Structures are given as C-alpha cells and as structure tokens.
Amino acid sequence: MKRPIYETKADVANEEAVARLITEARGYMMVKLPRLNQMDYAAFTTDGLKALIEIKCRRNTMAKYDSMMIGMEKVLYARQVNKHFGVKSYLFVQWTDQLGYVCLEDDCTIDMGGRTDRNDPNDMSLHAYFDIDKFRGL
C-alpha cells in the first residue's frame, strides 16, 4: 500500500515564502528539490552548492514547545551528505512569531514522535528533537 502524501498547495506556498526570505537574507539561489526528496531545497551561490534546506511551517509560537522534531531519516541523510560531500543541511522553521534555523549536524535527541491527528500509523516513527534554544534567527 502506497503511503499518502499530505502536502497541500498551501504548504508549498508557505515553504516558497520562507525560501524567498532565505534568499533575501543570504543571497542564495534556492532550487526546489523533487517532492519526495529528503530535503526541500538546495541553496546555491555562484561558487556552487552551499547547503541543503528543510523547511517547516508551524501554527504555533516558537516558545510553545521545548524542542522541534523532524524525522530521523532526514537527519541521518543530512549527516551523510555532510560527511561525504562537506555540504551542511539546515532546518528552517517558520513559527507564527518568528523564523529560526538549526544545523542538522547539531546535537539532538532521538525518540518516538509524530502526528496522531490523521489516524495514520505510519505518522509515528523515530524523530530527532532539537532544543528550541539552539535555533538562531535569520
């Protein structure tokens, strides 16, 4: 059975808005990666690939939770890319009150987590948890 894809047009539009903010702040040319890729964007300069970017948009304030979770597979992928190619990966999160980011090679903890509101047992899996106080503002 094929797993459903829950990404909506609104999700894509929100990610694109964050990608534009990253471009404005850092001067990167943001290239959207295919939908089922481990990361959302590749960030380039005239010198080549500078970073891989995962973008999450949340409907709560940054301070609501002590940590931000992301699927463990994304973190493992990011760390392998860094190990073999020297390219860093970042998680950018747009909360209702601010935009922050953390490097996916930074310290984190691993635990079970995921969504429970869709009745999809595949939503629960191992996740990496990054402390909110480790996020930096753009």
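Residues numbered from 1 in each chain as written. Predicted model: local features only at pLDDT ≥ 70, side-chain atom pairs only at ≥ 80, totals over all residues. Heavy atoms only, no water.

**Some details on helix α2 (residues 72-85)**
Keep this limit in mind: Helix and strand assignments come from DSSP, with helices taken as H or I runs of at least 4 residues and strands as E runs of at least 2, each series counted from the N terminus. Here a helix's expected span is defined as the number of its residues, less one, multiplied by 1.5 Å. We call two residues in contact when some of their heavy atoms are within 4.5 Å.
For α2, which comprises 14 residues, the first-to-last C-alpha distance of 20 Å matches the rise-based estimate of 20 Å (1.5 Å per residue) to within 8%. Here the buried face of α2 lies against β3 (48-57), β4 (67-71), β5 (88-94), β7 (109-113) and β8 (125-131). The first or second residue beyond α2 is Gly86, which carries a positive phi of 70°.

**What to know about the sheet that holds β4**
Counted only if it meets this: One bridge is not enough; two strands pair if DSSP finds at least two bridges between them. Lines fitted to C-alpha atoms define the axes, with helix axes restricted to the stretch in contact, and inter-axis angles between N-to-C directions lie between 0 and 180 degrees.
Taken in spatial order, the three strands line up as β4-β8-β7 in an open sheet, and their pairing is antiparallel. The outermost strands of the open sheet, each flanked by one partner alone, are β4 and β7. The mean angle between the axes of side-by-side strands here comes to 40°, regardless of whether they run parallel or antiparallel. One ladder, built from five bridges, connects β4 with β8; its direction is antiparallel. Bridge pairing in β8 places Met68 opposite Phe130.

**Description of the environment of Ile55**
Among the structural elements, Ile55 can be located in strand β3. Sequence separation between Ile55 and Asp120 is 65 residues; the distance between their C-alpha atoms is 22 Å. Not counting chain neighbours up to four residues away, the residues in contact with Ile55 comprise Glu15, Val18, Ala19, Ile22, Asp40, Tyr41 and Phe92.

**A short note on a negative patch on the surface**
The condition that has to hold: Note on patches: the residues involved have over 30% relative accessible area and no salt bridge, like charges join within 9 Å, and the nonpolar side chains Val, Leu, Ile, Met, Phe, Trp and Tyr join within 5 Å. Only the protein chains shown count as covering a residue, and every accessible area follows the Shrake-Rupley method with a 1.4 Å probe. The rule for a salt bridge is simple: a side-chain nitrogen of Lys or Arg has to be within 4 Å of a carboxyl oxygen of Asp or Glu. Charge counting treats Lys and Arg as positive and Asp and Glu as negative, with His and both chain ends excluded. To locate a charge, take atom NZ for lysine, CZ for arginine, CG for aspartate or CD for glutamate. Each residue gets one of three labels from its accessible area relative to the maximum for its type: buried under 20%, exposed over 50%, partly exposed in between, using a 1.4 Å probe on protein chains only.
A contiguous patch of negative charge, built from Asp66, Asp107, Asp131 and Asp133, is present on the exposed surface. Relative to the elements of secondary structure, Asp131 occurs in strand β8. Classification of Asp131 as partly exposed rests on a relative accessible area of 40%.

**Remarks on the nonpolar core**
What counts here: Residue types Ala, Val, Leu, Ile, Met, Phe, Trp, Tyr and Cys, when buried and joined through side-chain atoms within 4.5 Å, form a set referred to as a nonpolar core.
Residues Leu91, Leu104, Phe130 and Phe135 are the most contacted members of the largest nonpolar core, which totals 20 residues. Looking at this core, the elements that each hand over two or more residues are β4, α2, β5 and β8. Those residues in contact with Phe130 that lie beyond four places of it in its chain are Asp66, Ser67, Met68, Ile70, Val75, Val102, Cys103, Leu104, Asp106, Asp107, Cys108 and Phe135.

**Notes on the packing of aromatic side chains**
Note the cut-off: Ring geometry is summarised as follows: Phe, Tyr and Trp rings, the Trp one being its six-membered ring, pair when their centres sit within 6.5 Å, and such pairs are stacked at plane angles under 30 degrees, edge-to-face over 60 and tilted between the two.
Counted by the stated rule, this structure contains three aromatic pairs. Here the aromatic rings of Tyr90 and Tyr101 are separated by 6.0 Å at their centres, their planes lie at 75°, and the arrangement is edge-to-face. Highlighted residues: Tyr90 in strand β5 and Tyr101 in strand β6 (residues 99-103), separated in sequence by 11 residues. Centroid distance Phe92 to Tyr101: 5.0 Å. Interplanar angle 20°. Geometry classified as stacked.

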